[in-house]
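Residues per chain are reported as follows:
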Amino acid sequence: MNSEDRKAAGVEAFRKGEDFLSKKRMQEALECFDEAIDCGYVDNADVYAMRGSCLQSLGYDLDAIDDFDRAIVLQPENSLTFYQRSLSKTAAGDLRGCVSDLQEAIRLADVDNKYTRGLDVHARETGYKDSAHYYRLQMDSAKIRLDGFEGSMREYFEKRANRRRRGRLFFAQPLETA
């Protein structure tokens, strides 16, 4: 297959993937996006963001983060990709990363661009003032989870720090000699 045919096959696979994604057929969409990338359709942030969404839905959050990273490199002004990555970071246990991504999503949502305008329309249709408002609410929730996690870990380590074997440090016991 020559390069033009490969490119055409990549575009076709991407379109099929979009169709499967819109129908919530994630595994089939994922396979199409894989094929599109294998055919060299790699300069479009959407293919990585959409494949990341499929991976996220299928529970492959670390792989999703990798794809969202690629999408962000190609399209750093899209707040939605930062938001999507924040969800996978939460699932992977990276609560600080989640908060950081939400901060960036909020910053970008306050900038007027083609991505923000579309997201703001959707946010208003679903009962939010705009996309930044939605992200701020998600941020509040993420900070509560982070504070709760850090508080639990602090409590755990404080208890561990004050716990001694037989009332004293094990290594503080004199060594027995023969």
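Each value, and the rule that gives it
- Residues numbered from 1 in each chain as written.
- Predicted model: local features only at pLDDT ≥ 70, side-chain atom pairs only at ≥ 80, totals over all residues.
- Heavy atoms only, no water.
- Phe/Tyr/Trp six-rings, centres within 6.5 Å; stacked < 30°, edge-to-face > 60°.
- Helix = DSSP H or I, 4+ residues; strand = E, 2+ residues; numbered from the N terminus.
- Buried < 20%, exposed > 50% of the residue type's maximum accessible area, 1.4 Å probe, protein only.
- Contact = heavy atoms within 4.5 Å.
- Axes fitted to C-alpha atoms, helices over the stretch in contact; angles between N-to-C directions.
- Parallel < 35°, antiparallel > 145°, perpendicular 65-115°, else oblique.
- Left-handed = near helix turned anticlockwise from the far one by under 90°.
- Nonpolar A, V, L, I, M, F, W, Y, C, P; charged D, E, K, R; others polar.

K.L.:
When you look at the packing of aromatic side chains in this model, what are you seeing that I'm missing?
P.N.:
How two aromatic rings sit relative to each other is given by the distance of their centres and the angle of their planes. Applying the stated criterion across every chain, the model contains six aromatic pairs. Seen in terms of ring centroids, F14 and F33 are 5.9 Å apart; in terms of plane orientation they differ by 50°. Their pairing is tilted. Residue F14 is located in helix α1 (residues 3–22), and its partner F33 is located in helix α2 (residues 26–38); the two are separated by 19 residues in the primary sequence. Under the relative-accessibility criterion, F14 is labelled buried at 6%. Residue class for F33 comes out buried when judged on its relative accessible area of 0%.

K.L.:
Got a minute to help me understand the environment of L30 in this structure?
P.N.:
Checked against the element boundaries, L30 lands in helix α2. According to the relative accessible area criterion, L30 is buried, its value standing at 8%. Through-space distance from the C-alpha of L30 to that of L58 is 9.5 Å; in sequence the pair is 28 residues apart. Beyond its immediate sequence surroundings of up to four residues, L30 is in contact with R51, C54, L55 and L58.

K.L.:
Would you mind showing me how to read the packing of helix α4 (residues 61–74) against helix α5 (residues 79–91) here?
P.N.:
For any two helices packed against each other, the geometry is given by the interaxial angle and the distance between the axes. Their axes nearest at 9 Å, the elements α4 and α5 cross at an angle of 155°. Considered as vectors, α4 and α5 are oriented roughly antiparallel to each other. As α4 runs across α5, the sense of the crossing is left-handed. In this structure, α4 contributes D61, A64, I65, F68, D69, A71 and I72 to the contact, and α5 contributes T81, F82, Q84, R85, S88, K89 and A91. Its residues assigned to classes, the contact of α4 with α5 shows seven nonpolar, three polar and four charged.

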